[in-house]
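Reading the structure
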Amino acid sequence: DPSVVRARLADHPTIRGLAPRLTGVVALRSPQGEHYALLVGVDPALEKRLDLWGLQPEPELTDGRCALSGALASRLGVASGDSVAAIQPSFGGETTWKVGALLERQLLLPQEVREFVVVNAATARALLGEPGAVHVLAGAFREPASYYDSRDLYVSVRRLQAAGSDIAARLGMDYD
């Protein structure tokens, strides 16, 4: 429940804001076949406002639209403007999305994740059956530059470690 975490961190001096993200594995079907991929649901407006946005080219993630990684688009044999069917994992329902962008660069996931689809949070909620919960809250620091000094990486690591420890202490043992 994101409201619990937001309440615990509302007055935290280092946190500027938190953006919800949902993740899950989804089957995508195209004329070339079916393939499983990582689904990422985001709130584009909030991610941009918090300077967490990391997708290029800029996708339009309105309802009924998605963005695919280049590797996934290649495997599915689709291009921008084509359609893919997403199969709902828990009850087998199917919904069709128009491919709005083929992503060349992303800063949301570890770089070794190559095959993924990005949709808006509402679309991910509906597909994954998550009416209110989120899987991840991506945090933005109030003053991110104050944590990093390229002349002293040891101090930079210690500053980030201290901030992370304080956040973890406020959240308690129920959260990673």
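Let me sum up the structure you'll find in this document. This one's a predicted model, so the numbers in the text were calculated from it and none came from an experiment.

Cut-offs used in this document
- Residues numbered from 1 in each chain as written.
- Predicted model: local features only at pLDDT ≥ 70, side-chain atom pairs only at ≥ 80, totals over all residues.
- Heavy atoms only, no water.
- Helix = DSSP H or I, 4+ residues; strand = E, 2+ residues; numbered from the N terminus.
- Buried < 20%, exposed > 50% of the residue type's maximum accessible area, 1.4 Å probe, protein only.
- Contact = heavy atoms within 4.5 Å.
- Phe/Tyr/Trp six-rings, centres within 6.5 Å; stacked < 30°, edge-to-face > 60°.
- Lys NZ or Arg CZ within 6 Å of the ring centre and 35° of its normal.
- Pairing = 2+ DSSP bridges.

1. Overview of the environment of Ala 79
Relative to the helices and strands, Ala 79 is located in the loop between helix H3 (70–76) and strand E5 (83–87). Classification of Ala 79 by relative accessible area gives partly exposed; the value is 35%. Those residues in contact with Ala 79 that lie beyond four places of it in its chain are Val 99 and Leu 102.

2. Some points on the packing of aromatic side chains
Across all of its chains, the model carries one aromatic pair by this definition. The aromatic ring of Trp 53 is capped on one face by Lys 48, whose charged end is 5.3 Å from the ring centroid.

3. A word on the pairing of strand E1 (residues 15–30)
Taking burial as the measure, the 16 residues of E1 include twelve buried ones, the bulk of the element. Sheet topology places E1 next to strand E9 (residues 136–141); six bridges connect them, and they run antiparallel. Of the residues in E9, the one forming a bridge with Gly 17 is Ala 140. Examined bridge by bridge, E1 and strand E2 (residues 33–42) share ten bridges and lie antiparallel to one another. Bridge pairing links Leu 22 to Gly 41 in E2. What sits between E1 and E2 in their antiparallel hairpin is a turn of two residues. Sheet analysis places E1 next to E5, joined by three bridges and oriented antiparallel. Following the sheet pairing, Arg 29 is matched in E5 by Ala 85.

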